[in-house]
Amino acid sequence: MKRIVLTGGGTAGHVTPNLALLPALKADGWEIVYIGSETGIEKKLIEAEGIPYYSIPTGKLRRYLSRQNISDMFKVVKGVKEAGKLLKELKPDLVFSKGGFVAVPVVLGAKKNKIPVIVHESDITPGLANKIAAPFARTVCTTFPETVKYVGKGKGVHTGTPIRAELFRGSREKGLELCQFTADKPVLMLMGGSLGAVKLNDCLREILPHLLEEFQVVHLCGKGHLDQEKADWPGYRQFEYVSDGLADLFAMADVLISRAGSNSISEFLALKKPHLLIPLSAKASRGDQILNARSFEKQGFSMVLPEEDMTPETMEQSVRQLYADREKYIRAMEQAGQTSGVEAVMAQIRKF
Ligand SMILES: CC(=O)N[C@H]1[C@@H](OP(=O)(O)OP(=O)(O)OC[C@H]2O[C@@H](n3ccc(=O)[nH]c3=O)[C@H](O)[C@@H]2O)O[C@H](CO)[C@@H](O)[C@@H]1O
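UniProt's Pathway (unreviewed entry) comment on the protein chain is quoted here verbatim: "Cell wall biogenesis; peptidoglycan biosynthesis." Turning to the protein chain, the UniProt record has this under Catalytic activity (unreviewed entry): "di-trans,octa-cis-undecaprenyl diphospho-N-acetyl-alpha-D-muramoyl-L-alanyl-D-glutamyl-meso-2,6-diaminopimeloyl-D-alanyl-D-alanine + UDP-N-acetyl-alpha-D-glucosamine = di-trans,octa-cis-undecaprenyl diphospho-[N-acetyl-alpha-D-glucosaminyl-(1->4)]-N-acetyl-alpha-D-muramoyl-L-alanyl-D-glutamyl-meso-2,6-diaminopimeloyl-D-alanyl-D-alanine + UDP + H(+)".

Below, the structure written as structure tokens:
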């Protein structure tokens, strides 16, 4: 039996594509092992799938000066050592890395043990972790076609994003039941990325009384960001993070507001869900979400509101406009015909 090590973590977007591959990998007869961090979101999500999970120490690699850089550097070195040792014992035939800081020591450990590596890059331009990992990879799968040119000659393959199959099997009725909503009023869903988005949460909650006149609102607000005061508001339902049941919430949602994390927007496109993107600003990130959003906007899939222009008023106006124009966005997404990248990624995996 062939053995594959999956890695990736830190945010859910570095884990959900790995989750999406599990059924196909099992069907092909791979024995699956996961290497992730000691405390990251990947631990809970992967252990829930019954996949053997090994943790290694991880440190964040920063582009800016921080006192933590020194202690994190030690953790990275320790992580590389432990990942190398683990891989020597596990002897996998392949390592598949979805990125994030935990993946760097695993990829370096694979290189040391001469184990082939496939990397998946979700954003238009590779993040720091994948920039370090890509030179050691045989293949770099990409969500966006334009990324192929950034990842090393002959390595890039445009595969799209592996999307969890269950997301295509959601039930609107079950979603309504879960939220205790009625069928006669449209549903707006806000999704702030896997860690939530405080600015989006606050802005939405300011205009909630207005929005509730026209919409029912389901809000994925991120861990620690529930607003207890509004817990009993009729037509408003909050969740910190949803695993089972996300498919039903998607099926129920008429329109969405979201950050422009690559995995979320790939899901909206595949599910043809009209959405307003408010990408994380270039001050708080390397600007990857701005590029993701711009690409989707150019193709007619998304309405975009830059964070600098976001006020309660512009958010409300944009949502109402999005709802009025929803058919236009659905048509553009239908024409694109984008589905899940699971099969395209599996085609690369099957080469090993
Ligand atoms: C703040 C940050 O650094 N964000 C980055 C992070 O996004 P981040 O991981 O935050 O967001 P993504 O949109 O890429 O992925 C979120 C994933 O979590 C799932 N989900 C979310 C909420 C929930 O309740 N349940 C659930 O299952 C979504 O369906 C999706 O599959 O990695 C992405 C991919 O490299 C980048 O594009 C983002 O810029």
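(A) Quick peek at the environment of Ser302. With respect to the helices, strands and loops of the structure, Ser302 is situated in the loop between helix H10 (288–298) and strand E13 (303–304). One polar contact links Ser302 to His275, side chain to side chain, over a distance of 2.7 Å.

(B) Broad picture of the nonpolar core. In terms of nonpolar packing, the biggest core is built from 58 residues, with Met189 and Met315 touching the most fellow members. Filtering out sequence-adjacent residues up to four positions away, Met189 remains in contact with Val218, Leu220, Leu246, Leu249, Phe250, Ala253, Val255, Leu256 and Ile257. Formed by 25 residues, the second largest nonpolar core is a distinct cluster that contains Leu19, Leu22, Ile32 and Leu94.

(C) The sheet that holds strand E11 (residues 255–258), seen in detail. Spatially, the six strands line up as an open sheet ordered E10-E9-E8-E11-E12-E13, and their pairing is parallel. At either margin of the open sheet sits one strand with a lone partner, and together these are strand E10 (236–239) and E13. Pairing between E11 and strand E12 (residues 275–277): three bridges, direction parallel. Among the inter-strand pairings, Ile257 is bridged to a residue of E12, identified as Leu276. Packed on one face of the sheet, helix H11 (residues 312–324) meets strand E8 (187–191), E11, E12 and E13 and runs near 145 degrees to E11.

(D) Spatial organisation of the packing of aromatic side chains. Taken as a whole and assessed by the stated rule, the structure comprises five aromatic pairs. Geometrically, the ring pair formed by Tyr34 and Tyr53 is stacked, given 5.9 Å between the ring centres and 10 degrees between the ring planes. On the criterion of sequence distance, the pair formed by Tyr34 in strand E2 (residues 31–37) and Tyr53 in strand E3 (residues 53–56) is long-range, its members being 19 residues apart. Tyr53 carries the same exposure label as Tyr34, and that label is buried. Ring geometry for Phe215 versus Tyr323: centroids 5.3 Å apart, planes at 85 degrees, classification edge-to-face. Of this pair, Phe215 sits in the loop between helix H7 (198–214) and strand E9 (216–220) while Tyr323 sits in helix H11; the two residues are 108 residues apart in sequence, bridging distant segments of the chain. For Phe215, a relative accessible area of 0% corresponds to the buried category. Among the aromatic residues, those joined into a ring-pair cluster are Phe144, Phe296 and Phe301. The aromatic ring of Trp233 is capped on one face by Lys230, whose charged end is 5.2 Å from the ring centroid. For the cation-ring pair, Arg326 lies above Tyr323, with the distance from its terminal atom to the ring centre recorded as 3.9 Å.

(E) Helix H4 (residues 103–112), seen in detail. Of all 10 residues making up H4, seven are buried, and the element is well covered by its neighbours. Turning to H4, its buried residues are Ala103, Val104, Pro105, Val106, Val107, Gly109 and Ala110.

(F) View of the side chain of Ser97. In this fold, Ser97 is placed in strand E4 (residues 94–97). Beyond its immediate stretch of four places on either side in the chain, Ser97 contacts Thr7, Ala103, Val107, Ile118, Val119, His120 and Asn130.

(G) View of the packing of H7 against H11. Running from amino to carboxyl end, H7 crosses H11 at an angle of 50 degrees, the nearest separation of the two axes being 9 Å. The angle between the axes of H7 and H11 places the two elements in the oblique class. Considering only the axes of H7 and H11, their crossing is right-handed. Note on element contacts: H11 touches H7 through Pro312, Met315, Glu316, Val319, Arg320 and Tyr323, opposite Leu200, Cys203, Leu204, Glu206, Ile207, His210, Leu211 and Glu214. In terms of residue class, the contact of H7 with H11 is made up of nine nonpolar, one polar and four charged.

(H) How the structure looks around the site of the ligand. Around the ligand, the surrounding shell holds 24 residues, and the nearest of these are Thr11, Asp123, Ser264, Glu267 and Asp288. In the environment of the ligand, an oxygen atom lies 2.7 Å from a nitrogen or oxygen atom belonging to the backbone of Gly13. Ser264 places a polar side-chain atom, nitrogen or oxygen, 2.6 Å from an oxygen atom of the ligand. Those elements that provide at least two residues to the shell around the ligand are helix H9 (262–271) and H10. In terms of residues, the shell around the ligand owes the most to one element, H9, which gives four residues. Its residues assigned to classes, the shell around the ligand shows seven nonpolar, 13 polar and four charged. Both domain 1 (3–158) and domain 2 (166–336) contribute no fewer than three residues apiece to the shell around the ligand.

How each quantity is defined
- Residues numbered from 1 in each chain as written.
- Predicted model: local features only at pLDDT ≥ 70, side-chain atom pairs only at ≥ 80, totals over all residues.
- Heavy atoms only, no water.
- UniProt positions renumbered as here; feature names shortened; annotations may be inferred.
- Helix = DSSP H or I, 4+ residues; strand = E, 2+ residues; numbered from the N terminus.
- Polar contact = N/O pair within 3.5 Å; in protein donor to acceptor, adjacent residues only side chain to side chain.
- Core = buried A, V, L, I, M, F, W, Y, C linked by side-chain atoms within 4.5 Å.
- Buried < 20%, exposed > 50% of the residue type's maximum accessible area, 1.4 Å probe, protein only.
- Contact = heavy atoms within 4.5 Å.
- Pairing = 2+ DSSP bridges.
- Axes fitted to C-alpha atoms, helices over the stretch in contact; angles between N-to-C directions.
- Phe/Tyr/Trp six-rings, centres within 6.5 Å; stacked < 30°, edge-to-face > 60°.
- Lys NZ or Arg CZ within 6 Å of the ring centre and 35° of its normal.
- Parallel < 35°, antiparallel > 145°, perpendicular 65-115°, else oblique.
- Left-handed = near helix turned anticlockwise from the far one by under 90°.
- Nonpolar A, V, L, I, M, F, W, Y, C, P; charged D, E, K, R; others polar.
- Near = heavy atom within 4 Å.
- Domains from an automatic or database assignment.

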